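# A structural walkthrough
Given next are the chains, with one letter for each unit.
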Amino acid sequence: MYDIEELWLFLPLGYCLTIFFEIPVLLVGLAKVHSLRERLIAGFGLTAFTYPVVVLVLPLIFAQQPTTFMIVAEIFAPLAECWLFALLFHTARVSKPDRLRNYAAIVVANLVSFGCGELLKLAGWL
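The paragraphs below set out a description of the structure included in this document. Position numbers for residues start from 1 in each chain and track the written sequence from start to end. Selection of residues for local features in this predicted model requires a pLDDT of at least 70, selection of side-chain atom pairs for listing and counting requires 80 or more, and totals for whole chains, interfaces and linings are taken over all residues. Calculated side-chain values reflect all of the structure's heavy atoms, with hydrogen atoms and water omitted.

## Observations concerning a nonpolar patch on the surface
Put simply, a patch holds well-exposed residues, over 30% relative accessible area, that have no salt bridge, with like charges counted together within 9 Å and Val, Leu, Ile, Met, Phe, Trp or Tyr side chains within 5 Å. Per-residue accessibility takes into account occlusion by the displayed protein chains alone, with areas from the Shrake-Rupley method and a 1.4 Å probe. Any Lys or Arg side-chain nitrogen found within 4 Å of a carboxyl oxygen on Asp or Glu counts as a salt bridge. On the surface, a cluster of nonpolar side chains totalling about 430 Å² of accessible area is made up of Leu27, Val28, Leu36, Leu40 and Phe44. Runs of E in the DSSP output that reach at least two residues are strands. Runs of H or I that reach at least four are helices, and both are numbered from the N terminus. Looking at the nonpolar patch, the elements with two or more residues in it are helix 1 (4-29) and helix 2 (36-61). Residue contributions to the nonpolar patch peak at 3 residues, all from helix 2. Relative to the assigned elements, leucine 40 resides in helix 2. A relative accessible area of 31% places leucine 40 in the partly exposed class. Between buried and exposed lies partly exposed: a residue is buried under 20% and exposed over 50% of the maximum accessible area for its type, with that area taken using a 1.4 Å probe on protein chains only.

Set out below in structure tokens:
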């Protein structure tokens, strides 16, 4: 069972760690048509949009099913972030190959932060 107060306390630390791992991936991985400003907005903003759901909502819904929580969270976050990125930045100037590259970069960024988070847990740092 999750303690809601602990989840709230973890939220800022987890957000900072997540963007620490995801922003470099997005800076390199997003299509070159996007400016540095757009890449940074994506790095900070996409996680700000999904992270509270992943940390505060989904653990409570799937409190008795940690594996299901992990699967749902790791599908929800990249899908929601791809959708939000498309709404914000996919204009006529962004080609279909660039859109696919952006989606791939967002998915990879999420996988990297998930993997690093799991390594930090194994090391006893989280």
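## Notes on the layout of surface pockets
Both site types are read off a 1 Å grid over the protein atoms alone. A 1.4 Å probe that fits but cannot get out defines a cavity, while an open set with protein on both sides within 12 Å along at least five of seven lines defines a pocket; lining residues have an atom within 4 Å of a point. Grid points are joined across faces, edges and corners, and a volume is the space filled by probe spheres set on the points. Within this model, the largest pocket holds a volume of roughly 660 Å³. Taken together, 30 residues form the lining of the largest pocket, with Phe10, Tyr51, Val54, Val55 and Lys121 sitting closest to its centre. Only helix 1, helix 2, helix 3 (66-89) and helix 4 (96-122) provide two or more residues apiece to the lining of the largest pocket. Of all the elements, helix 1 adds the most residues to the lining of the largest pocket, at 8 residues. Amino acid classes used here: Ala, Val, Leu, Ile, Met, Phe, Trp, Tyr, Cys and Pro are nonpolar; Asp, Glu, Lys and Arg are charged; the rest, including Gly, are polar. Looking at the lining of the largest pocket residue by residue, the classes come out as 16 nonpolar, 7 polar and 7 charged.

## With respect to the packing of helix 3 against helix 4
Axes here refer to lines fitted to C-alpha atoms; in helices the fit is confined to the stretch in contact. Angles between the N-to-C directions go from 0 to 180 degrees. In contact at an axis separation of 9 Å, helix 3 and helix 4 are set at 145 degrees when each is read in the N-to-C sense. In the crossing of helix 3 with helix 4, the sense of the turn from one axis to the other is right-handed. Contacts from Met70, Glu74, Ala77, Pro78, Glu81, Cys82, Phe85 and Ala86 of helix 3 reach helix 4 at Asn102, Tyr103, Ile106, Val107, Asn110, Phe114 and Glu118. In the contact of helix 3 with helix 4, the residues fall into 10 nonpolar, 2 polar and 3 charged. The sense of a crossing depends on the near helix, which, turned anticlockwise from the far helix by less than a right angle, makes the crossing left-handed and, turned clockwise, makes it right-handed. Contact between two residues is taken to exist if any of their heavy atoms lie within 4.5 Å; hydrogens are not considered.

## Observations regarding the state of the cysteines
Pairs of cysteine sulfur atoms within 2.5 Å are what we label disulfides. Scanning all chains against the criterion turns up 0 disulfides. Between cysteine 16, a cysteine without a disulfide, and cysteine 116, which holds the nearest cysteine sulfur, the sulfur-to-sulfur distance is 15 Å. There is no disulfide at cysteine 82, and the cysteine sulfur nearest it, in cysteine 116, is 19 Å away.

## Some remarks on the side chain of glutamate 22
Relative to the helices and strands, glutamate 22 is located in helix 1. The positive count covers Lys and Arg only, the negative count covers Asp and Glu only, and His and the chain ends enter neither. No salt bridge is formed by the buried glutamate 22. Its closest oppositely charged neighbour is lysine 121, at 13 Å. One polar contact links glutamate 22 to threonine 47, side chain to side chain, over a distance of 2.9 Å. Counting of polar contacts relies on pairs of N or O atoms within 3.5 Å, with two restrictions inside protein: one atom must be capable of donating a hydrogen and the other of accepting it, and residues adjacent in sequence are counted only when both atoms are side-chain atoms.

## As for the pattern of salt bridges
Tallied over the full model, the rule gives 2 salt bridges. We note a salt bridge from arginine 93 to glutamate 38, for which the minimum N-O separation is 2.6 Å. Here arginine 93, found in the loop between helix 3 and helix 4, pairs with glutamate 38, found in helix 2; they are 55 residues apart in sequence, far enough to count as distant. Arginine 93 sits in the partly exposed class, given a relative accessible area of 42%. The class of glutamate 38 is buried, set by a relative accessible area of 13%.

## Overview of helix 3
The end-to-end C-alpha distance of helix 3, which contains 24 residues, comes to 34 Å, matching closely the 34 Å that a straight helix rising 1.5 Å per residue would cover. Phe69, Ala73, Ala77, Pro78, Ala80, Glu81, Cys82, Leu84, Phe85 and Phe89 are the residues of helix 3 that are buried. Contacts made by the buried residues of helix 3 are with helix 1, helix 2 and helix 4. One less than the number of residues in a helix, times 1.5 Å, gives the span that helix is expected to have.

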